[in-house]
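Letter by letter, the chains look like this.
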Number of protein chains: 2
Amino acid sequence: MTAVAVDVALLAIEAGRLTVLLVEPESADLAGTWSLPGRRVRDDESLDTTALRALRELAGIERPTLLLEQLRTYGAPTRDPRARVVSVAYLALSGAPLHPAPGPRPGPRAVVADAAEVLDWPPARFAYDHAAIVADAIERVRSRLEYTALATALLPAPFTLAALRGVYEAVWGGPLDPANFRRKVLATPGFVVPAPGPAVAGPGGGRPARRYAAGGATRLHPAMLRDR
Amino acid sequence: MTAVAVDVALLAIEAGRLTVLLVEPESADLAGTWSLPGRRVRDDESLDTTALRALRELAGIERPTLLLEQLRTYGAPTRDPRARVVSVAYLALSGAPLHPAPGPRPGPRAVVADAAEVLDWPPARFAYDHAAIVADAIERVRSRLEYTALATALLPAPFTLAALRGVYEAVWGGPLDPANFRRKVLATPGFVVPAPGPAVAGPGGGRPARRYAAGGATRLHPAMLRDR
DNA sequence: CCTGTTATGGTCAGGGTGACCAGAACAGGA
DNA sequence: TCCTGTTCTGGTCACCCTGACCATAACAGG
């Protein structure tokens, strides 16, 4: 009988870099590899609920996830050599940097890995086909930033336009022109709205920047296309 | 135990309209509703293989599918009142119009329905949550036509630019300017390439049109954005 | 008060786009 | 043969978006 599981790629921004949460597999014969937090789907539970439970039980993440989106489903017959497991992969975005297991915690060890580095790992360093899932998740975020407003889900509100630009630069891996970025963001209706409160300077000093919050828009018109 | 199934939304163009293939559910208590062709996943078979088998066994479709792409997975605990079934939905595109069961054929009855009409059906006219799957499939094709070259998968080659434009008009449901459409298609590298052979006039007469075939490109730069 | 840094606003040329026009190339009928 | 209707094909033009770039504003710190 084929079993159904959910695996979650939880991404966040930390120190200007895109990161992904990895955990140690529970089974002993996968020691030395890393995997995404995943759980079997219970009979009475939705797929989304399973995803949240996997984050809670395996990574101690309670609720900081602001966005949860289905990625795709991986069902190669031999992807798990022990049994037939069809896995529904999820993409999750955290609005705050991830803390890799502060102190003793139930469950396996967890690490926060740099996404760009993880893409260069040999696939065997991952359990199952999780290398492909991680790669698909990263590509999905890169693409979603072009056409949707979910970059704001990777930031605590309120935020400056420089911080929002930092999200794009972290995910896409390259610098963006501050003036042009500002022009495009403000020209897209509903992307961000001004937040009350004083302007605040960044860590490098300079003129304090106005703060904004996420607007109501989900899709961006026009899109924020990255260079190819 | 939760079971895994695959449901396929097979779309095609017929007489300038986008169509979707529907079949009668096999279980008797769903009589009067329509469903997508679907099958349980066998232990030794990949999800893609299950999708092709569903089309073969339930609709008599052998191989005209030029494109098969995973849509998303539907896993609400009560989507099938009889048992817990997690369904991986697929989008399939046919390069030729679908023939609704020519003569006696094994398997249940099948119809080719107009996509625009089906979107207006009450959800109860579908079995399970297949109304949502059909709607997602149609929206996926509409979106894919903007950013990818898969419109050529809905046409037999070689084709004229008017026929390609007809695909866009059928899927998006509105007229496009022939001259501007032509300019954009030809300006997108690798979208189409000229095909050998003479030009041919359309059904309404007029100047014969040059024929083209699909180029090697999969993504369109720049994109063919539809009106919103 | 000066310097360094960042935010913010503006200019300018180039490319993509929609609206539109006009000739080219046929079929079919007078 | 000539005319008409249709569609294909190529072109123009104004408008918007974009990237590259410059200038000024507004702070912190020496």
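It should be emphasised that the depicted structure is a prediction, and the values quoted were computed from it without experimental measurement. (Residues numbered from 1 in each chain as written. Chains lettered and ligands numbered in written order. Predicted model: local features only at pLDDT ≥ 70, side-chain atom pairs only at ≥ 80, totals over all residues. Heavy atoms only, no water.)

### Some thoughts on the environment of T73 of chain A
Within the fold, T73 of chain A resides in strand β4 (residues 65–74). Judged by its relative accessible area of 0%, T73 of chain A falls in the buried class. Sequence-wise, T73 of chain A and Y90 of chain A are 17 residues apart; in three dimensions their C-alpha atoms are separated by 8.8 Å. Beyond its immediate sequence surroundings of up to four residues, T73 of chain A is in contact with V86, S87 and V88 of chain A together with L47, Q70, T73 and V88 of chain B. Side-chain polar atoms of T73 of chain A contact the side chain of T73 of chain B, separated by 2.4 Å. (Helix = DSSP H or I, 4+ residues; strand = E, 2+ residues; numbered from the N terminus. Buried < 20%, exposed > 50% of the residue type's maximum accessible area, 1.4 Å probe, protein only. Contact = heavy atoms within 4.5 Å. Polar contact = N/O pair within 3.5 Å; in protein donor to acceptor, adjacent residues only side chain to side chain.)

### Things to note about the confidence of the model for chain A
Per-residue confidence for chain A averages 93 on the pLDDT scale, and 96% of its residues sit at or above 70. Summarising per-element confidence for chain A, the mean pLDDT is lowest in strand β9 (residues 200–202) of chain A (88) and highest in helix α2 (residues 115–118) of chain A (98). (pLDDT = per-residue confidence, 0-100.)

### A look at the relation of the copies chain A and chain B
At an RMSD of 0.0 Å, chain A and chain B line up after a rotation of 180° and a shift of 0.0 Å along the axis. Both copies are brought into coincidence by an operation consistent with a two-fold rotation axis. Among all residues of chain A, the minimum C-alpha distance to the rotation axis is found for R72 of chain A, at 3.0 Å. Most of the interface of chain A is mirrored in chain B, where 100% of its interface residues are also at the interface. (Least-squares fit on C-alpha atoms with pLDDT ≥ 70 in both.)

### Some details on the interface of chain A and chain B
Across the boundary between the two partners, chain A contributes 23 residues, which contact 23 residues of chain B. Contact with chain B buries surface across chain A, with M1, D43 and R84 of chain A losing the most and accounting together for 24% of the total. Seen at the junction of chain A and chain B, the total is nine residue pairs in polar contact (both at pLDDT 80 or more). Of all the secondary structure elements, the ones that give two or more residues to the side of chain A that touches chain B are β1 (3–14), β4 and β5 (85–94) of chain A. Per-element tally for the side of chain A that touches chain B: the top contributor is β4 of chain A, with four residues. Looking at side-chain class alone, the side of chain A that touches chain B contains ten nonpolar, six polar and seven charged residues. (Buried area = accessible area lost by both parts, 1.4 Å probe. Nonpolar A, V, L, I, M, F, W, Y, C, P; charged D, E, K, R; others polar.)

### Points about the domain arrangement of chain A
Residue and element names in this part refer to chain A. As far as domains go, chain A holds domain 1 (3–145) and domain 2 (148–214). On a C-alpha basis, the centres of domain 1 and domain 2 stand 28 Å from each other. Regarding the contact of domain 1 and domain 2, the summed buried area is about 1300 Å², with carbon and sulfur atoms giving 71% of it. Among the residues of domain 1 in contact with domain 2, I13, R144 and L145 are the three that bury the most area, contributing 46% of the side total. On inspection of domain 1 and its partner domain 2, the count reaches zero salt bridges. Seen at the junction of domain 1 and domain 2, the total is five residue pairs in polar contact (both at pLDDT 80 or more). With four residues, the single largest contributor to the side of domain 1 that touches domain 2 is helix α3 (residues 130–147). In the side of domain 1 that touches domain 2, the residues fall into nine nonpolar, three polar and four charged. (Domains from an automatic or database assignment. Salt bridge = Lys/Arg side-chain N within 4 Å of Asp/Glu carboxyl O.)

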